[in-house]
Amino acid sequence: MYLSLILMTVKAVLVLTAAVCGFSALVRKEDAAWVRKAPLWLFLSMYLIGTFGHTYWVAYAALLLALPIAAKNRADAAALYCILVVSMPLLSQQLIFGSFYLIAGSKYLFCALGLGIAYLMNRGRDTVLHRARFAFPALLLVVLELSQARDPSVTATIRQCLPPLLTILLPYFVLSRSLNNAEDVRRFLLAFALSGFAMAAVATVEARLHWLIYKNLEGLLNIHTSINGYSKMRAGMLRAPASFPESTTLATFLVLAFMAVVALRDSFASRIKWYVALFVLLLGLVSANSRGAFISLGVGLVAWDLYCRRYGSLAVKLVGAGGAYLFALLAAQFSPYMAALVGHDAGTADTSDYRMQLLRRGMEEIHKHPYLGQNLKTALDNLQDLKQGEGIVDLVNGYIGYGLTLGYAGIIGLFLVFVSLCLAMLVIRGKVRRNPQLLEPAACVFAIASLSLLNSFFTGFGGVISTSFYQICALGAALWAMRGQVPAAQGASGGASPTPLSGLAAMIAADRDRARAGATAQA
């Protein structure tokens, strides 16, 4: 048995190494050198610790210490955080001291604490923008999460309030203040894209071999899960989850990573290699097999072109998407998988019926408590007629989920999270258009907020499953603070100036340059 474990570990290490090194072969040389150092080390070391750690406490300690050890500065810690949070499975476990239940532990909790430590350790090493961040979406998300922590017991309420504060607010605060120039933003998006690329490669292997690479780690770390990952099948094909709780969450993450790759076109060594990265992410989406993710991706690409005002590209994509859908409809006549993908199988009808029932019953419960809602446990008890075969009431509608605990204010609140982030990016579009280094990251944030607005109608939202969206919120806040930056000037050696100026400082610098030029001409 031990020999079998070693062989499986070697295979998994080879898959991860191939994924990370494959990504490094696609990007520019300076980025490739970074990818093959700390990111590769994080992926491999975390997997080996998960395999041979024997207890979740060892894994938690590794997640806590990884960023303080590996990060060279705050921006580096922010980028590596994107990789660390996908390098382990969920690791959800109640942390108990003696007979006293402290808090619900997870990889996200200890990654966030490690990020905070790395931020404090690197104080004074980075130039920090002393400008206000647009924090409304993140603060509203925290309010929505705290509303679901209500409980008749005061101690239970306090215990449930801590995870949202530590896994949402703390990372948001640190990430948004660790990105202070265009290069920080680009490296952050590069790490996000690398995480998606690696998980897409893992998902592709899982779906083809029916071998859950990351799910096995939870059993090795003595964490017991109620749902068997091998039960997630569609049209005879395993729906791969990679390191995420389930396949739908993975698919949503891959859509966000796809948009990050779209924004990083200039970071790849060639256009062909950029297309290869996009293709691998599409393979991951196919392996996760989530219809909603493909719809969300289409919405995101449309929003991207609208933000960048690339109307010709938008027309080509719409024609291409229509052709791909017609091809899928024809292929559905011969392939059970394609039939499931386009929604022409019996399972799709069951899923659609359940979503309609959840919408109807959820609105009935919300109408009973329209202003203050009710605690989540009571709401789920009232929806027991919707219990699935897995023995749970699956809240596959983010708006209904928050509406149950905050009434109609919860529905409006979640809607405002996405709309406010979209509006913030629209407000700064005129300024970031003068800086191409910031325009495409802003378009990425706008596209992700737009697709999330729709995606939350047919999948759950909130909690640790939406950590990737919280990271994008932090990126949006950083872009808001950088909206006045001018492009980094190229010096005589070809290097970029380390601190781009903005606003009044930029005007003063321009006047000085003109004065120097005039003095030189007179001399």
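All values reported here derive from a predicted model rather than from experimental measurement.

Colleague: Before we go on, may I ask you to explain the overall build of the protein in this structure?
Modeller: The helix and strand inventory of the protein stands at 23 helices and 4 strands. Within the protein, the proportion of its 523 residues that are buried is 53%. Summed over all atoms, the accessible surface of the protein reaches about 22800 Å², with 67% contributed by carbon and sulfur.

Colleague: Just to check I follow, could you spell out unusual backbone geometry for this structure?
Modeller: Most peptide bonds take the trans configuration, and most residues that are not glycine carry a negative phi. Backbone geometry places His210, a non-glycine residue, at a positive phi of 55°. Following the sequence through the fold, His210 ends up in the loop between helix H9 (182-209) and helix H10 (215-220). We note that Arg309 has phi near 60°; this positive angle belongs to a residue other than glycine. Exposure remark for Arg309: the relative accessible area of 43% places this residue in the partly exposed category.

Colleague: Looking at this model, I keep getting lost on the packing of helix H6 (residues 107-121) against helix H8 (residues 154-178). Mind explaining?
Modeller: When two helices pack together, their arrangement is given by the angle between the helix axes and the distance between those axes. It is at 9 Å that the axes of H6 and H8 come closest, and there the two elements cross at 35°. In this structure, the crossing between H6 and H8 has a hand that is left-handed. Every residue of H8 that contacts H6 at Tyr108, Leu109, Ala112, Leu113, Leu115, Gly116 and Tyr119 is listed here: Leu166, Thr167, Leu170, Pro171, Phe173, Val174, Leu175, Arg177 and Ser178. Its residues assigned to classes, the contact of H6 with H8 comprises 12 nonpolar, 3 polar and 1 charged.

Colleague: What exactly am I supposed to notice about the pattern of salt bridges here?
Modeller: Side-chain pairs of opposite charge can arise where the charged atoms are in close proximity. Inspection of the entire model under this criterion finds 13 salt bridges. Residue Arg265 is joined to Glu440 by a salt bridge in which the shortest nitrogen-to-oxygen separation is 3.7 Å. With Arg265 in the loop between helix H11 (247-263) and helix H12 (271-288) and Glu440 in helix H21 (residues 436-455), this pair connects stretches of sequence that are 175 residues apart. Residue Arg265 is classed as partly exposed on the basis of its relative accessible area, which comes to 27%.

Colleague: Help me out: how do you make sense of the nonpolar core in this one?
Modeller: In summary, soluble globular proteins display a tendency toward joint burial of nonpolar side chains. Counting 152 residues, the largest nonpolar core has Phe43, Met199, Phe469 and Leu479 as the members making the most contacts within it. It is H9 that contributes the most residues to this core, 17 residues altogether. When neighbours within four sequence positions are excluded, Leu479 is seen to be in contact with Val185, Met425, Ile428, Leu438, Pro441, Ala442 and Val445. By size, the runner-up hydrophobic cluster in this structure holds 10 residues, among which are Ile366, Ala379, Ile400 and Leu404.

Colleague: I'm lost on the packing of helix H5 (residues 74-84) against H8 in this one. Help?
Modeller: As a packed pair, H5 and H8 sit with axes 8 Å apart at the nearest point and diverge in direction by 130°. Here H8 runs oblique to H5, going by the angle between their axes. Seen from above, H5 lies across H8 with left-handed handedness. Mapping the contact onto sequence places Arg74, Ala75, Ala78 and Tyr81 in H5 and Pro171, Leu175 and Ser178 in H8. Of the residues assigned to the contact of H5 with H8, the class counts are 5 nonpolar, 1 polar and 1 charged.

Colleague: Sorry if this is basic, but what is going on with the environment of Leu175 here?
Modeller: One can find Leu175 in helix H8. Take Leu175: its relative accessible area is 1%, and that puts it in the buried class. In this structure the C-alpha to C-alpha distance between Leu175 and Ile472, which are 297 residues apart in sequence, comes to 9.6 Å. Those residues in contact with Leu175 that lie beyond four places of it in its chain are Ala78, Tyr81, Leu115, Phe188, Gln471 and Ala474.

Colleague: Hey, could you run me through helix H13 (residues 291-308) in this one?
Modeller: For the α-helix, the turn length of 3.6 residues means that residues three or four positions removed from each other point alike. Across its 18 residues, H13 extends 27 Å between first and last C-alpha, which sits within 8% of the 26 Å expected from 1.5 Å per residue. Among all positions in H13, only Arg291, Gly292, Ala293, Ser296, Leu297, Gly300, Leu301, Ala303, Trp304, Asp305, Tyr307 and Cys308 are buried. Following H13 by one or two positions, Arg309 adopts a phi angle in the positive range, close to 60°.

Colleague: Is there a simple way to explain a nonpolar patch on the surface in this structure?
Modeller: Nonpolar side chains collect at one region of the surface, where Tyr2, Ile6, Val10, Leu14, Leu48 and Phe52 lie side by side and expose about 540 Å² of accessible area between them. Ranked by residue count, the leading element in the nonpolar patch is helix H1 (residues 2-24), at 4 residues. Within the secondary structure, Ile6 is located in helix H1.

Colleague: Explanation requested: the side chain of Thr459 in the structure shown.
Modeller: Considering the arrangement of structural elements, one finds Thr459 in the loop between H21 and helix H22 (467-481). You can call Thr459 buried: its relative accessible area is 11%. Apart from residues lying up to four places away in sequence, Thr459 is in contact with Thr248, Val396, Asn397 and Gly398.

Rules behind the numbers
Going along each chain's sequence as written, the residues are numbered from 1 onward. At least 70 in pLDDT is required for a residue's local features to be given in this predicted model, at least 80 for side-chain atom pairs to be given and counted, and no such filter applies to totals for whole chains, interfaces and linings, which use all residues. Where side-chain values are given, they derive from all heavy atoms of the structure, hydrogens and water being excluded. The helix and strand labels rest on DSSP assignments: H or I over at least four residues marks a helix, E over at least two residues marks a strand, and numbering proceeds from the N terminus. Accessibility here uses a 1.4 Å probe with only protein chains present; expressed as a share of the type maximum, an area under 20% marks a residue as buried, one over 50% as exposed, and anything in between as partly exposed. Computed with the Shrake-Rupley method and a 1.4 Å probe, the accessible areas treat only the protein chains shown as cover for residues. All axes here are fitted lines through C-alpha atoms, helices being fitted over the stretch that makes contact, and every angle between N-to-C directions spans 0 to 180 degrees. The sense of a crossing depends on the near helix, which, turned anticlockwise from the far helix by less than a right angle, makes the crossing left-handed and, turned clockwise, makes it right-handed. Contacts were defined at the residue level, with two residues in contact if any of their heavy atoms lie within 4.5 Å. Amino acid classes used here: Ala, Val, Leu, Ile, Met, Phe, Trp, Tyr, Cys and Pro are nonpolar; Asp, Glu, Lys and Arg are charged; the rest, including Gly, are polar. We define a salt bridge as a side-chain nitrogen of Lys or Arg found within 4 Å of a carboxyl oxygen belonging to Asp or Glu. Throughout, nonpolar core names a set of buried Ala, Val, Leu, Ile, Met, Phe, Trp, Tyr and Cys residues whose side chains join them through atoms within 4.5 Å. An angle below 35 degrees is treated as roughly parallel, one above 145 as roughly antiparallel, one from 65 to 115 as roughly perpendicular, and anything else as oblique. By definition here, a helix of n residues has an expected span of 1.5 Å times n minus one. Two joining distances apply to patches: 9 Å for like charges and 5 Å for nonpolar side chains (Val, Leu, Ile, Met, Phe, Trp, Tyr), and every residue must have over 30% relative accessible area and no salt bridge.

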